[in-house]
Amino acid sequence: MATCIGMVARVGGAALTVLKPVGRQFSSRRAGVFIPHRFSHGARSSLYEHVREGYSDKPELDMTAVCEETDKVIVNVENRKGDLRGDDVRKIVCVWKELQTVRTEISELERLKSHISDTVKALVTTNDKKALTNLPEYTQSLQRGREIRNRLNQLYHKESELDEEHYSQALRLPNTTHPDVPVGDESQARVVELVGQKPVFDFKPRGHVQLGEELGLIRQRHLSHVSGHRSYYLRGAGARLQNALQNFALDTLQRRGFIPMVVPDMLRGAVFEGCGMQPNAYQSQVYSLDPARFPDLSLAGTGEVGVAGYFMDHAVNWKDMPVRTVCSSSCYRAETDTGRETWGLYRVHHFNKVEMFGVTADETGEESSQLLEEFVSLQKEMFSALELHYRVLDMPTQELGPPAHRKYDIEAWMPGRNSYGEISSGSNCTDYQSRRLNILYEREDGSLQYAHTVNATACAIPRTIIAILETHQTKEGTVRVPRALQPYLGLEVIEKPKYTPLKYIGPNQHSRPPRPAPKTR
């Protein structure tokens, strides 16, 4: 790599080798004012701009595999969601090969240019100025040098154009797919395991919104003028339940050696793209801040982005691998498909989530698969401790998303909805994110290798609250607290609070109470 190794910092038990920012990744032969480019698929690439500005190395995509197994890559692309098709893959290969041809010619001409320069210097050293003008070798070398410089200037421009065209498309390629992943849409998801039993009630189970309102836990009504649609308040035992779930998940994982982290909620577009998300795409789920005031900053929809950004442009010491990290963060999602789950906590614009993130070596090719299985096992342990009935799904190709090599979802039974609902997922991203974000590990001999990354939800708070309220409700309208949560919540049963609920006195109601009379002085 062109990046030089800097100091070593040990944070939270894991040694991180700091990779100093390189100079311009695009050398002076192509220097000039960079204008943000909008690629042919309609979205600006923050990652490419990030590299152009010299903050990181270029993503080192595995183009050898793409070129040698083009048909296999095309099948993989067409099995996934997205607008990338087989013809796009063929174009990516053609552009890459043309780029390599141009670079080969540049390299040969630069060597020849250097040789001619040495020849001219030797002639200048051994001859006076008058004699030089009469030396055919000197005049021919000068002429040949001018021709090479002119040709190189043409090639440098061509290389820059091809490089940008290559990355505009190649960065959109999805990860490879595990051979056991089902092909198709979500209906093809394979049930790996059913855990626990569906709760049986001798009454009609209530939904979580009804339970939450009656117990003073949740408020969603009369909020459109306060915080917009798909927002909510948790109060009293509802707020305590969120804190209890966060602490329960964090404690469980820290006992297993996970390093806790607090991560930024706002991150640069390059980090999102490196994780496989498109903050600048049409109808993106990512909230972006006002670019006039806060250029290139967006709100993270998952703690995965923040943790990945921590490891970006760094190398982990191989002795510390796998690195297991856990963070609790606020997540923000636009949820532009407003026709789905418009009421309740299932699909909201903001929520808290505890996230697992792992960085593994890639020596046997199995390390990241094993870590994913470990993460899923921990998810099952926590959801079983919460006394939920759930199923583990091996998700099909169209549900993977670009970075995932394989993904498991866990869906809990939600009696009020009379259906299963996703409460967590876990993905093995192999080297997809590490190649884009330059996440590496340092072997014992000092050599650097691309790491693999794995992420999984430990606890998505609102959806877990749904499952707990609806699963553990009683005929009396209270909610039994799972034994594992009782020390954190300080309650065995969630009951209606003693204080009186707030009374709405705003406009747009049939019987509005009179406004306060003016004070008399």
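Since the structure is predicted, the reported quantities are computational estimates derived from the model, not experimental observations.

Undergrad: Where do I start with unusual backbone geometry in this structure?
TA: Backbone geometry follows two general trends: most residues other than glycine have a negative phi, and most peptide bonds adopt the trans configuration. With an omega dihedral of 0 degrees, the bond running from M321 to P322 counts as a cis peptide bond. Structurally, the position occupied by P322 is in the loop between β10 (314-317) and β11 (323-332). Phi at D296 takes a positive value of approximately 60 degrees, unusual for a residue other than glycine. Structurally, D296 can be placed in the loop between β8 (287-288) and β9 (297-299).

Undergrad: How should the sheet that holds strand β13 (residues 390-394) be read in this particular structure?
TA: Sheet strands associate in pairs through backbone hydrogen bonding, adopting either a parallel or an antiparallel arrangement. Ordered by their spatial adjacency, eight strands build an open sheet running β3-β13-β14-β15-β18-β12-β11-β6, and the pairing between neighbours is mixed. Strands at the two margins of the open sheet, each flanked by one partner only, are β3 (190-195) and β6 (259-261). Averaged over all pairs of adjacent strands, the angle between their axes in this sheet comes to 25 degrees, without regard to strand direction. Pairing between β11 and strand β12 (residues 350-360): ten bridges, direction antiparallel. Counted as the bridge partner of S329 is K353 from β12. Most of the contacts of helix α8 (residues 237-255) go to β12, to which it runs at about 10 degrees, and overall it touches β6, β11, β12 and β18 (452-460).

Undergrad: Honestly, the side chain of T360 in this entry has me stumped. Any pointers?
TA: Inspection of the secondary structure puts T360 in strand β12. Classification of T360 by relative accessible area gives buried; the value is 1%. In this view, T360 contacts M321, P322, E367, S368, L371, Y441, A451 and H452; residues no more than four positions away in its chain are not counted.

Undergrad: Mind showing me how you'd approach helix α3 (residues 70-79) here?
TA: One full turn of an α-helix is made of 3.6 residues, so residues set three or four places apart face in the same direction. For α3, the full list of buried residues reads T70, V73, I74, N76 and V77. Relative to the axis of α3, the buried residues are bounded by an arc of 165 degrees and lie together on one face. For α3, the exposed residues set more than 90 degrees away from the buried face come down to D71 and K72.

Undergrad: Even after reading the chapter, I still don't get the environment of F248, so can you show me in this structure?
TA: In this structure, F248 sits in helix α8. Residue classification places F248 among the buried residues on the basis of a relative accessible area of 8%. Between the C-alpha atoms of F248 and R85, which are 163 residues apart in sequence, the distance is 44 Å. Residues contacting F248, with those up to four places away along its chain left out, are M382, A385, L386, A484, L485 and Y488.

Procedures and definitions
- Residues numbered from 1 in each chain as written.
- Predicted model: local features only at pLDDT ≥ 70, side-chain atom pairs only at ≥ 80, totals over all residues.
- Heavy atoms only, no water.
- Helix = DSSP H or I, 4+ residues; strand = E, 2+ residues; numbered from the N terminus.
- Pairing = 2+ DSSP bridges.
- Axes fitted to C-alpha atoms, helices over the stretch in contact; angles between N-to-C directions.
- Contact = heavy atoms within 4.5 Å.
- Buried < 20%, exposed > 50% of the residue type's maximum accessible area, 1.4 Å probe, protein only.
- Arc of directions from axis to C-beta.

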